[in-house]
Amino acid sequence: MSLKTDVIDLSSPSPVADTSSPAPSSTVIDLDTDVAIASVTETANMQPPHYLASLDRASMERERLLRVSQSLGGGRPKRQRQMSDDDADDVNLEDAIVEDHDTTEKSIESHDSFAGVVADALTGMGSKRIREDKSIQLPYPRGVVKKTAVNGFPRKGDDITIEEVLQPTKLRTAVLSAFQWDYEWILDKIFLGRTQLVLVVPAKGHESREALRSMLSAVPNVRICTPNMDGLINCMHSKLQLLFYDSYMRVCVPSANLTNYDWGEGDGVIENIMYIHDFPLRENGPSVNAEITWFAKELIYFVEAQDMFPDIVDRLKKQVLWENTENVRFVHSIGGEHREESRIWRTGYPGLSKAVRELGGNGRTEAQIDYVISSLGSVTPVLVEAIYKAATGKQLSISTYPRYSESSFAPIKSRIRVYFPTHDTVATSKGGFASAGTICFSRSYWNKPLFPKQIIRDGRSVRRGCLMHDKVMLVRYERPTDASAGTRVAGVAYIGSANMSESAWGKLVNDSVTKRLKLNIRNWECGVLIRVPAGEGSDDQQMKSVEETFAGIVPTPMETTRTEYNNKLPWFFTESEWRKYH
């Protein structure tokens, strides 16, 4: 299997963007490929808006630096205090930076014009004015799950902003991935002069890659990686972020794309969720003897499959200290056809099953599953059964293809609930129909005879009026299982980019050539699986509620009571009022 990826060299001459034709809509439909493969293929080949090809980055940087200088004019800023262990669970953790106001002021005064400051910023010289306090404790050394902060809703300590994730004033290197991009918005969040950027971007076909080259050629310190989109692959849907600072690296695995509305800005109409984990870097540089944990092994396997730049891979292998990952696993779906048994077991829903067993799921106990998604594909009982078995750690066989059986599906459909909003929930949300452009489902799938309507629940956020773009699977074992070292496990939680679809998790099919099974995956996806301890004195006979089971580990994003559809209809994007607004 070839997973060759095109890497665009931005230093080579770039074609001039054609600005003679109108720019297409900047709205990108975020849906799984089996919702409407034709639509996604069209999106993947869509030319970027022509105005982005000539971004005036110097002007944008000048305006931002001017805002910074004005904010500094009111006096010397207070020095941030050192963080305690208790601070590690707070939201406002990224501000442990020392800003020297006097140095900044003198630097500005020493230039004949403010353009000199802009030049310094774009060449990296201006970074001397902001330095990282290397004695700082890691904000999230054992990992944490956060929801995006959303404008108009109170901060409660379980949410975080894009600035708090990126910590741009001390960010050295950033690997950013998304399906949907607002380049101008995300680039304005970063100090381009001092931060090296690697953008992992979907681009299907030569024309799309050339358009990206033209669009970003004027932006300093940017490299682009476009994962393989050949053949059956139609969607680069993963959102992995690798953020390097002077003394540590942050892994962020969100469900959010890189747009302002996915991060709760603007009118504050939609929310997302993410896993964040901070890892120290070796003080003496890279080491050939670095320990690679299971979490790190799968993360590196995934980025290598995307043909990540060798220097980034080397840092992951040799410089990062992969500490405190015993309770988490990195899980992924690598787009393409997987024929070797060893590859089948590492990715898609078979890879999920493997990770569940590594975290203590033995497959011998049943479970209750609550799965929040933002896109529904052509879901079948076979897919539901496959995901249920994977999420409970049951042994999956690749010697026989699973087939639908009402007798085997009947007990499963009472143990799994999939949360997707009704038409009424979207209509009464804060942003109304206009805010639901990335929440996707088709009436044609709903009306299929085997579509499992009985497992669908109304996806209502606990932040009333806010729509959910979350991808969260909460698995509660009906009886705790025993893991290694005497750990008792109450369940697992998946946080990531994968929706409920065969495109995201894969499908086992018979290879017409080899007459053996292969795993077909249409999407690139990634996420994190978290082990949830049962705690001492847990009652084997009484399973706790969703909120109780995951308290302190995953902030439950959805309401879990009175969520039955009761003859209501789901939100159908393809025929919706949303189109009236776009």
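A quick note: this is a predicted structure, and the numbers were derived from the prediction, not measured. Each chain carries its own residue numbering, running from 1 in the written order of its sequence. With pLDDT at 70 or above as the cut-off, local features in this predicted model cover only qualifying residues; side-chain atom pairs require 80 or more to be listed or tallied, and sums for whole chains, interfaces and linings still use all residues. Working from all heavy atoms in the structure, the side-chain values ignore hydrogens and water.

Enquirer: Explain the sheet that holds strand β15 (residues 336-338) to me, please; I cannot follow it from the model alone.
Expert: Picture the strands of a sheet paired through backbone hydrogen bonds; they go either parallel or antiparallel. Taken in spatial order, the three strands line up as β15-β23-β22 in an open sheet, and their pairing is antiparallel. If you trace the sheet from one side to the other, it starts and ends with β15 and β22 (507-510), each paired once. Strand after strand, the sheet turns through a mean of 35 degrees between neighbouring axes, direction not considered. As paired strands, β15 and strand β23 (residues 517-521) are joined by three bridges and run antiparallel to one another. Looking at β23, one finds that Glu337 is bridged to Asn520. The pairing criterion is simple: DSSP has to find at least two bridges between the two strands. Secondary structure elements are defined from DSSP: runs of H or I of at least 4 residues count as helices, runs of E of at least 2 residues count as strands, and each element is numbered from the N terminus. For helices, the fitted line uses only the C-alpha atoms of the stretch in contact; every axis is such a line through C-alpha atoms, and the angle between N-to-C directions lies from 0 to 180 degrees.

Enquirer: Explain the environment of Leu176 here, please?
Expert: Here Leu176 is to be found in strand β6 (residues 173-177). Any residue under 20% of the maximum accessible area for its type is buried, any over 50% is exposed, and the rest in between are partly exposed; the area is computed with a 1.4 Å probe on protein chains only. Leu176 gets classed as buried once you look at its relative accessible area, which sits at 1%. Distance in space between the C-alpha atoms of Leu176 and Leu243 is 8.3 Å, their sequence separation being 67 residues. Throughout, a contact is declared for two residues whenever any of their heavy atoms are within 4.5 Å. Excluding residues within four positions of it along the chain, Leu176 makes contact with Leu166, Trp181, Ile186, Ile190, Leu197, Val198, Leu199, Val200, Leu240, Gln241, Leu243 and Leu258.

Enquirer: Quick question: what am I supposed to make of helix α8 (residues 294-305) here?
Expert: Think of an α-helix as turning once every 3.6 residues; residues three or four places apart then point the same way. An ideal rise of 1.5 Å per residue puts 16 Å on 12 residues; α8 measures up with 17 Å between its terminal C-alpha atoms. With respect to burial, α8 is a largely interior element, nine of its 12 residues being buried. Where α8 ends, the next residue or the one after it, Asp307, has phi of about 65 degrees, a positive value. To estimate how far a helix should extend, the number of its residues minus one is multiplied by 1.5 Å.

Enquirer: So what exactly am I meant to see when it comes to the pattern of salt bridges here?
Expert: Charged atoms that come close allow side chains of opposite charge to pair. For this analysis, a salt bridge means a side-chain nitrogen from Lys or Arg found within 4 Å of a carboxyl oxygen belonging to Asp or Glu. What the rule picks out here adds up to 26 salt bridges. Here Glu163 ties to Lys189 by a salt bridge, and the two come within 2.5 Å at their closest N and O atoms. Residue Glu163 is located in helix α5 (residues 162-166), and its partner Lys189 is located in the loop between α6 (183-187) and β7 (196-200); the two are separated by 26 residues in the primary sequence. With a relative accessible area of 15%, Lys189 lands in the buried category. Notably, a salt bridge pairs Arg343 with Glu340, separated by 3.5 Å at the nearest N-O pair. Residue Arg343 is classed as partly exposed on the basis of its relative accessible area, which comes to 26%. Residue classification places Glu340 among the partly exposed positions, given a relative accessible area of 36%. Through salt bridges with shared partners, a single ionic network connects Glu337, Arg339, Asp511 and Lys518.

Enquirer: What is the right way to read the packing of helix α12 (residues 381-391) against helix α13 (residues 406-413) from this model?
Expert: When two helices pack together, their arrangement is given by the angle between the helix axes and the distance between those axes. Where α12 contacts α13, the two axes come as close as 10 Å, and the packing angle between them is 60 degrees. Considered as vectors, α12 and α13 are oriented oblique to each other. Seen along the crossing, α12 lies across α13 with a hand that is left-handed. Where α12 abuts α13, its residues Pro381, Val384, Glu385 and Tyr388 lie against Ser408, Phe409 and Ile412. Just so you know the grouping, Ala, Val, Leu, Ile, Met, Phe, Trp, Tyr, Cys and Pro go in nonpolar, Asp, Glu, Lys and Arg go in charged, and all remaining residues, Gly too, go in polar. When its residues are assigned to classes, the contact of α12 with α13 shows five nonpolar, one polar and one charged. By the definition adopted for this analysis, an angle is roughly parallel if under 35 degrees, roughly antiparallel if over 145, roughly perpendicular if from 65 to 115, and oblique otherwise. Each helix crossing is assigned a hand: it is left-handed if the near helix lies turned anticlockwise from the far helix by less than a right angle, otherwise right-handed if that turn is clockwise.

Enquirer: Teacher, can you tell me more about the pairing of strand β10 (residues 241-244) here?
Expert: Within a regular beta strand, the side chains point alternately toward one face of the sheet and then the other, so they alternate between its two faces. What you see with β10 is no split at all: Gln241 and Leu243 on one side and Leu242 and Phe244 on the other are buried throughout. With four bridges joining them, β6 and β10 adopt antiparallel strand pairing. Within the sheet, the bridge partner assigned to Leu176 lies in β10 and is Gln241. The antiparallel hairpin formed by β10 and strand β11 (residues 248-254) contains three residues in its connecting segment.

Enquirer: Any chance you could explain empty space enclosed by the protein here in plain terms?
Expert: Once rolled over the atoms, a probe with the size of a water molecule shows which space is left empty. In the cavity and pocket records, a cavity denotes points on a 1 Å grid over the protein atoms alone where a 1.4 Å probe fits but cannot get out, a pocket denotes an open set with protein on both sides within 12 Å along at least 5 of 7 lines, and lining residues are residues with an atom within 4 Å of a point. Grid points are joined across faces, edges and corners, and a volume is the space filled by probe spheres set on the points. Within this structure, the stated rule accounts for two cavities of 30 Å³ or more. Looking at the largest cavity, its volume works out to about 110 Å³. Lining the largest cavity are 15 residues, with Glu298, Phe330, Gly351, Lys354 and Ala355 sitting closest to its centre. Of all the secondary structure elements, the ones that give two or more residues to the lining of the largest cavity are α8, β14 (328-333) and α11 (348-358). The biggest single contributor to the lining of the largest cavity is α11, with six residues. Taken as a whole, the second largest cavity spans an internal volume of roughly 30 Å³. Forming the boundary of the second largest cavity are Val331, His332, Ser333, Tyr494, Ala498, Trp505, Glu525, Cys526 and Gly527. Looking at the lining of the second largest cavity residue by residue, the class counts come to five nonpolar, three polar and one charged.

Enquirer: Please clarify how unusual backbone geometry should be interpreted in this entry.
Expert: Glycine aside, the phi torsion of most residues is negative, and most peptide linkages are trans. Despite not being glycine, Asn221 has its phi angle at roughly 60 degrees, a positive value. When you line up the elements, Asn221 lands in the loop between α7 (206-216) and β8 (222-226). According to the relative accessible area criterion, Asn221 is partly exposed, its value standing at 26%. Positive phi outside glycine occurs at Asp307, with the angle close to 65 degrees.

Enquirer: Please clarify how the packing of aromatic side chains should be interpreted in this entry.
Expert: What describes a pair of aromatic rings is the distance from one ring centre to the other and the angle between the planes of the rings. Aromatic pairs are defined between Phe, Tyr and Trp rings, using the six-membered ring for Trp, whenever the two ring centres lie within 6.5 Å; interplanar angles under 30 degrees are classed as stacked, those over 60 as edge-to-face, and all others as tilted. Per the counting criterion, the structure on display carries 16 aromatic pairs. On the basis of an interplanar angle of 40 degrees and a centroid distance of 4.9 Å, the ring pair of Tyr245 and Tyr248 is categorised as tilted. A single burial state applies to Tyr245 and to Tyr248, both of which are buried. Judged by centre distance (5.4 Å) and plane angle (35 degrees), the rings of Phe441 and Phe451 are tilted. One end of the pair, Phe441, is in the loop between α14 (423-427) and α15 (443-446); the other, Phe451, is in the loop between α15 and β18 (456-458), with 10 residues separating them in the sequence. Across the pair, exposure class does not vary: Phe441 and Phe451 are buried alike. The structure contains a cluster of three or more aromatic residues connected by ring pairs, namely Phe279, Phe295, Phe302, Trp322, Phe330 and Trp524. Two thresholds decide whether a charge sits over a ring: the Lys NZ or Arg CZ must be within 6 Å of the ring centre and within 35 degrees of the ring normal. The ring of Phe309 has Arg223 sitting right over it, with the charged end atom 4.4 Å from the ring centre.

Enquirer: I would appreciate a short explanation of the nonpolar core in the present structure.
Expert: What tends to happen in soluble globular proteins is that the nonpolar side chains get buried as a cluster. To form a nonpolar core, buried Ala, Val, Leu, Ile, Met, Phe, Trp, Tyr and Cys residues must be joined to one another through side-chain atoms within 4.5 Å. Membership of the largest hydrophobic core comes to 61 residues, with the highest contact counts inside it found for Leu376, Met500 and Trp505. No other element matches α12, which puts seven residues into this core. When sequence neighbours within four positions are dropped, the list of residues in contact with Met500 reads Tyr371, Ile373, Ser375, Leu376, Gly377, Val379, Leu383, Val384, Ile387, Ile416 and Val418. Core analysis: the second largest hydrophobic core is formed by 55 residues, Val253, Tyr301, Phe309 and Val546 among them.

These results come straight from atomic positions and should not be treated as a statement about function.
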